[in-house]
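# Architecture and fold: a report
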Amino acid sequence: MLIRCISCGAEYDLDDVIYTCSKCDSILEVLIDPQVSKDIFKCRKSTMWKYKEFMPVDESKIISLDEGGTPFIKCDRLGEELGVNLHVKVEGSNPTGSFKDRGMSVGITKALELNVDTVGCASTGNTSASLAAYAARAGLKCIVLLPSGKVALGKLAQAMFHGAVVLSVNGNFDEALEAVTALALEGELYLLNSINPFRLEGQKSIGFEIVDDLGWRSPDRIVLPVGNAGNISAIWKGVREFYEAGFIADLPRMTGIQAEGACPITNAVRKGAEDIIPVENPETVATAIRIGAPVSSLKALRAIYDSDGSSDTVSDDEILDAQKLLARTEGIGVEPASASSIAGLKKMVQTGEIDQGEEVVCIVTGHLLKDPNTAINACKEPISIEANAQSLSKVLKGL
Ligand SMILES: *Cc1c(COP(=O)(O)O)cnc(C)c1O
Ligand SMILES: [Zn+2]
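The rules we used
Residues numbered from 1 in each chain as written. Chains lettered and ligands numbered in written order. Predicted model: local features only at pLDDT ≥ 70, side-chain atom pairs only at ≥ 80, totals over all residues. Heavy atoms only, no water. Donors = N, O, S within 2.8 Å, 3.2 Å for Na, K, Ca; no water. Buried < 20%, exposed > 50% of the residue type's maximum accessible area, 1.4 Å probe, protein only. Axes fitted to C-alpha atoms, helices over the stretch in contact; angles between N-to-C directions. Helix = DSSP H or I, 4+ residues; strand = E, 2+ residues; numbered from the N terminus. Parallel < 35°, antiparallel > 145°, perpendicular 65-115°, else oblique. Left-handed = near helix turned anticlockwise from the far one by under 90°. Contact = heavy atoms within 4.5 Å. Nonpolar A, V, L, I, M, F, W, Y, C, P; charged D, E, K, R; others polar. Domains from an automatic or database assignment. Buried area = accessible area lost by both parts, 1.4 Å probe. Salt bridge = Lys/Arg side-chain N within 4 Å of Asp/Glu carboxyl O. Polar contact = N/O pair within 3.5 Å; in protein donor to acceptor, adjacent residues only side chain to side chain. Near = heavy atom within 4 Å. Areas by Shrake-Rupley, 256 points an atom, 1.4 Å probe, with all protein chains shown as cover. Expected span 1.5 Å × (residues − 1).

### Some details on the coordination of the zinc ion (ligand 2)
Looking at the metal site, the zinc ion (ligand 2) is ligated by C5 (SG), C8 (SG), C21 (SG) and C24 (SG), spaced 2.3 Å from it. By relative accessible area, C8 is classed as partly exposed at 43%. Looking at C24, the relative accessible area reads 33%, which means it is partly exposed.

Here's what the structure looks like:
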C-alpha cells in the first residue's frame, strides 16, 4: 500500500503527512492491493468495515460509530414517475446524518495512527458535524472553519455540541479551506478535508455497498450531487476496486449533478476539458454543494470521462421541488443538496441523456433535519384549532 500522485505518479509512504504532491502540486490517492475472495464479507455486520481488507488503516485502531450499511431503497413509485428503474441510497442514515461519517471514520483512525493531537477542516457544514463527533470519540482536539451565515442550523448545532472549536469565517467555503490548509501545512493540525486521500478511502464504501446490495453487479448509472467532488471520485474508486478484484463484471456510468450557481465541473464536462475553471462567488440554496473551486476536480472529471458518464446542472427551484417529491412519494427526507441527484435524474431523463428504463442508483447524501429552516419555509403553517372534536372534525371534512 502507498500514496501516489494522480498526475506525475510520484509515490509516498502511507505514513507521510502529505496532502498534495511535493513534486507537481497535484492531488494524491491511496493505492491498496488486497488479495481476498468476496466470500469473506458474508455474515459480517452491515457497516462499512464489512470491507475492512480494502481500508488502508490498522484494524486495531479503528474509530467507528457503525457508519455505512445505509438503506438501499427500491423506489417504484418515483421510478415510474421518472421513467427509470430506481434505487435510492440513503446516506442521511449515517451516525451524524451524512456520508461524511464514512470518510471521517477512516480519517480519524489515520490521525490516531499518526499520533496527532489536533484535527481540523473547513466545511459547508456536514464535514464539521462529522469531524466533531469522530474527534470526540477519539479524544482529539478539533477546529472547524465555517463560512459565516451559510451553514444549515442542524449542522452548526452538531459541530458546536460535540465540542469542536467553531470558527465563523468572513468568506466562502473556498476561502476557508485555503486558510485551514495553510495552517495544516505549517503542522498546526491534521487536515481532514477531502483533499486528504484517506477520507475518500472511507467514502468509496458507498460503491462497495451498492454492488453488494444489488447481488454483486453494477447498476447502469450512479447519480449524485457534486460539490468539492470528493464523493464521486471515491465511489468510482470503490466500484473500480471491486471490478479489478473480479467481484463484478461491469461498471456504472458516473453522473454528477451540480447547482446552476456552483457548477465548475459541469462546465468542464460540457467542453470536454481536463480541468475546471473556478466559479467566483458560488451561490445556491443547497449549501452543501456551494463550492466554486472543488479540490478533487481532476479525479471527478476522470471518473466521469472514464465511466462514459456525464454531468448536468439544476436550478434551486428544481432542487426544492425534487426534495419535496422524494419526501412525499417515497417518505425519504433529505437536505437540499441531496435532492439535486433526484432533480438531475428528472432533468436528464427529459433531455434524453438518461434512457427510459435504465437501472439508476441515486445517492441522497444528507438528512432532511440538517436544514430545518429550508424545510419549514417550503411548507404552509400548521392549521391551528381549538382542543375539541368539533374543530378537528371541521378540518378533516375540509381535506
Ligand atoms: C459534502 C456533501 C456533498 C458534496 O460532496 P462532495 O464530496 O463535496 O462532492 C453533497 N451533499 C451533502 C449533503 C454533503 O454533505
Ligand atoms: Zn505529482
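### Side note on the packing of helix α9 (residues 264-271) against helix α10 (residues 297-306)
Contact geometry of α9 with α10 gives a least axis separation of 11 Å together with a crossing angle of 45°. Looking at the two axes, α9 sits oblique to α10. When the axes of α9 and α10 are compared, the crossing they make is right-handed. Residues I265, A268 and V269 of α9 form the contact with α10, whose participating residues are S297, A300, L301, I304 and Y305. Classifying every residue of the contact of α9 with α10 gives seven nonpolar, one polar and no charged.

### Here we look at the domain arrangement of the chain
For the chain, the domain assignment lists domain 1 (72-97 + 199-377) and domain 2 (98-197). Between domain 1 and domain 2, the C-alpha centre-to-centre distance is 23 Å. Each side of the interface is counted separately: domain 1 has 36 residues, and domain 2 has 31 residues. Taking both partners together, domain 1 and domain 2 bury about 2800 Å²; carbon and sulfur atoms supply 50% of that area. Three residues, T96, R199 and K370, lead the burial of domain 1 against domain 2; their summed loss comes to 31% of the area buried on that side. Here domain 1 is connected to domain 2 by four salt bridges. When the shortest N-O distance is used, the salt bridge between K150 and E283 registers 3.8 Å. Where domain 1 touches domain 2, the interface holds 18 residue pairs in polar contact (both at pLDDT 80 or more). Elements represented by at least two residues in the side of domain 1 that touches domain 2 include exactly α6 (197-203), α7 (205-213), α8 (230-244) and α13 (372-377). Broken down by element, the residue count for the side of domain 1 that touches domain 2 peaks at five residues, all from α6. Partitioning the side of domain 1 that touches domain 2 into residue classes produces ten nonpolar, 16 polar and ten charged.

### Comments concerning the pattern of salt bridges
One pass over the full model with this rule turns up 27 salt bridges. Taking the shortest distance from any N to any O, the salt bridge between E241 and K237 comes out at 2.7 Å. Taken together, the positions of E241 and K237, both in helix α8 and four residues apart, correspond to about one turn of that helix. On the accessibility criterion, K237 (8% relative accessible area) is buried. What you see here is one network of salt bridges that share partners, running through K89, E91, R102, E209 and D213.

### Digging into the site of ligand 1
Around ligand 1 sit 17 residues in total, of which K100, N126, N228, N231 and T365 are the nearest. N126 is positioned such that a nitrogen or oxygen atom in its side chain is 2.7 Å from an oxygen atom of ligand 1. At a separation of 2.8 Å, an oxygen atom of ligand 1 approaches a polar backbone atom of A229. In isolation ligand 1 has 380 Å² of accessible area, and contact with the protein removes 97% of it. When contributions to the shell around ligand 1 are tallied by element, the ones reaching two or more residues are α8 and α12 (336-350). In terms of residue class, the shell around ligand 1 is made up of seven nonpolar, eight polar and two charged. Viewed by domain, the shell around ligand 1 spans two of them, domain 1 (72-97 + 199-377) and domain 2 (98-197), each represented by three or more residues.

### Notes on helix α2 (residues 100-113)
Taking 1.5 Å per residue as the helical rise, α2 with its 14 residues ought to reach 20 Å, and the 20 Å between its terminal C-alpha atoms agrees with that figure. In terms of burial, α2 is largely enclosed, as twelve of its 14 residues are buried. Three or more residues of α2 are buried, namely K100, D101, R102, G103, M104, S105, V106, G107, I108, T109, K110 and A111. If you follow the buried residues of α2, they end up packed against β5 (85-90), β6 (118-122), α3 (126-138), β9 (190-191), α6 and α7. Count one or two residues on from α2 and you reach N115, which has phi positive near 65°.

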